[in-house]
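Notes for the structure review
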Amino acid sequence: MSASAFVVRSPMNPVLSAERIPYPATLIFNAGVARFQGKYVMVFRNDFGGHPGSAHFEGTNIGVAFSDDGVKWAPQPKPWIAWKTDEIHRAYDPRITVIDNRCYLCFAVDTKHGIRGGIAVTDDFDRWEVLSLSAPDNRNMVLFPGKVGGKFLRLERPFPIYGRGGPEQFDLWFSDSPDCAYWGNTQLVLGSEQVPWANSKIGPGAPPIRTRAGWLTAFHAVSIDKSRELPAWHAGWHKTYTIGLMLLDLECPWKVAGMLREPLLAPETDYERNGFRGNVLFPGGMILEPSGEVKIYYGAADTVECLATAHVDDLIALCLKT
Ligand code: BMA
């Protein structure tokens, strides 16, 4: 049975889109989601000041929405983070991890001197404090919802354009930190060549969830087919982003304990195939419910935010299947 048989797309999809946002919004996607203080919270990317069919946007900010069930979302009246200085152009693709009752955010930060991975902390989705900004180029950072040996743990995706030998052949890495500011113990987790269905870069997606069998995490995997133009609001779009799934060792989280050999989800529906960039599924949040249901949140077509669900036991079994 193919993996997609174990995953159900929400009938409410897309669970958040630009029409529902009470301030200028064009693309609402690539969100991070967590359960915090009895509610679900989503931080999402908003590319605003554009219109369908045009590839030009005025800017990007990060918005917040709350929910009682993780399905129906109420966006806040105003955007939250709009980071712009002489050096910093924007922050985007946020993820959230709750550690010791505080919400840690990871985001990509476009700067004059390259793309940096940022980590910040908030207690109220109002004030936020930056804890670290990596050297460029790095992004798609996610933090684990727990520590090993007292250290914060993260996955990340540096993108070495000279040293890796192929165009956009980028891999998934691990590092840890005593304080979320100084990062080290850098280890390769998964090389893009180990993902059998992808021929280009991979990257961390949703912050891992802790299960009895290991840290379960969804990643994105890219295939490029130059012979096939994909639907997009601009010409020359050839990349398909699928969602992969793996288990990492609980004590040595840079060691892969199992990986699904096919995509967990690939673009199928209209809202996944068509939009600003069609055929893009970009996972950013995973929540394990007490029932064993796993909610998987993903941006679709760089245009809307979606939800799919599966049972944690099935996801573990899929990763351990040889
Ligand atoms: C990546 C990032 C993501 C985006 C994806 C597909 O490089 O920019 O934000 O979803 O491309 O366009």
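Scroll up to find the structure.
Just so it is clear, the structure is predicted and the values come from calculations on it, not from any experiment.

Here the focus is the site of the ligand. Contacts to the ligand come from Asn-30, Arg-45, Asp-93, Arg-139, Lys-201, Trp-237, Tyr-241, Arg-277, Val-280, Phe-282 and Asp-302. Here an oxygen atom of the ligand sits 3.0 Å away from a polar atom, N or O, in the side chain of Arg-277. Within the side chain of Asp-302, one N or O atom sits 2.5 Å away from an oxygen atom of the ligand. Summarising the interface, the protein chains cover 90% of the accessible area of the ligand, which totals 310 Å² for the free molecule.

Turning next to the environment of Leu-318. Note on placement: Leu-318 falls in helix H2 (residues 312–320). Owing to a relative accessible area of 5%, Leu-318 belongs among the buried residues under this scheme. Apart from the residues lying within four places of it in its own chain, the contact partners of Leu-318 are Ala-3, Phe-6, Leu-260 and Leu-264.

Residues Leu-216, Leu-245, Leu-264, Met-286, Tyr-298 and Leu-315 are the most contacted members of the largest nonpolar core, which totals 28 residues. Among the secondary structure elements, those contributing two or more residues to this core are strand E16 (214–224), strand E17 (239–248), strand E19 (281–288), strand E20 (293–300), strand E21 (304–311) and H2. The element that contributes the greatest number of residues to this core is H2, accounting for 5 residues. When neighbours within four sequence positions are excluded, Leu-264 is seen to be in contact with Ala-3, Ser-4, Val-7, Ile-243, Leu-245, Ile-296, Leu-315 and Leu-318.

Right, let's get into unusual backbone geometry. Along the chain, Asn-13 connects to Pro-14 via a cis peptide bond; the corresponding omega equals -10 degrees. Mapped onto the secondary structure, Pro-14 falls in the loop between strand E1 (8–9) and strand E2 (27–36). With omega at -15 degrees, the peptide bond leading from Pro-136 into Asp-137 counts as cis. Structurally, the position occupied by Asp-137 is in the loop between strand E9 (129–133) and strand E10 (138–143). Even without being glycine, Asn-30 reaches a positive phi, approximately 45 degrees. Here Asn-30 shows up in strand E2. With a relative accessible area of 4%, Asn-30 lands in the buried category.

Mapping Ser-177 onto the fold places it in strand E12 (residues 172–177). When its relative accessible area of 0% is taken as the criterion, Ser-177 is described as buried. In this structure the side chain of Ser-177 is engaged in a polar contact, spanning 2.7 Å, whose partner is the backbone nitrogen of Cys-180. Not counting chain neighbours up to four residues away, the residues in contact with Ser-177 comprise Lys-151, Phe-152, Tyr-182 and Trp-183.

Picture a little ball the size of a water molecule; that probe, rolled over the atoms, points out where space is still empty. Counted as a void, the largest pocket has a volume near 640 Å³. As for the largest pocket, its lining consists of 32 residues, and the residues nearest its centre are Arg-45, Arg-90, Tyr-92, Arg-139 and Arg-277. Elements with a minimum of two residues in the lining of the largest pocket: E2, strand E3 (39–48), strand E4 (59–67), strand E6 (88–99), E10 and E17. The biggest single contributor to the lining of the largest pocket is E6, with 4 residues. When the residues that make up the lining of the largest pocket are grouped by side-chain class, the tally is 12 nonpolar, 6 polar and 14 charged. If you add up the space inside the second largest pocket, you get close to 270 Å³. Surrounding the second largest pocket, 15 residues form its lining, Arg-35, Pro-145, Ile-209, Met-286 and Ile-287 being those nearest its centre. Among the elements of the structure, E2, E6, strand E15 (209–211) and E19 are those that each provide at least two residues to the lining of the second largest pocket. With 4 residues, E19 is the largest single contributor of residues to the lining of the second largest pocket. Here the lining of the second largest pocket is built from residues that sort into 11 nonpolar, 2 polar and 2 charged.

About the thresholds
- Residues numbered from 1 in each chain as written.
- Predicted model: local features only at pLDDT ≥ 70, side-chain atom pairs only at ≥ 80, totals over all residues.
- Heavy atoms only, no water.
- Near = heavy atom within 4 Å.
- Polar contact = N/O pair within 3.5 Å; in protein donor to acceptor, adjacent residues only side chain to side chain.
- Areas by Shrake-Rupley, 256 points an atom, 1.4 Å probe, with all protein chains shown as cover.
- Helix = DSSP H or I, 4+ residues; strand = E, 2+ residues; numbered from the N terminus.
- Buried < 20%, exposed > 50% of the residue type's maximum accessible area, 1.4 Å probe, protein only.
- Contact = heavy atoms within 4.5 Å.
- Core = buried A, V, L, I, M, F, W, Y, C linked by side-chain atoms within 4.5 Å.
- 1 Å grid on protein atoms, 1.4 Å probe; cavity = no way out; pocket = protein on both sides within 12 Å on 5 of 7 lines; lining within 4 Å.
- Points joined across faces, edges and corners; volume = space filled by probe spheres on them.
- Nonpolar A, V, L, I, M, F, W, Y, C, P; charged D, E, K, R; others polar.

Interpretation note: all reported values are geometric properties and have no functional meaning in isolation.
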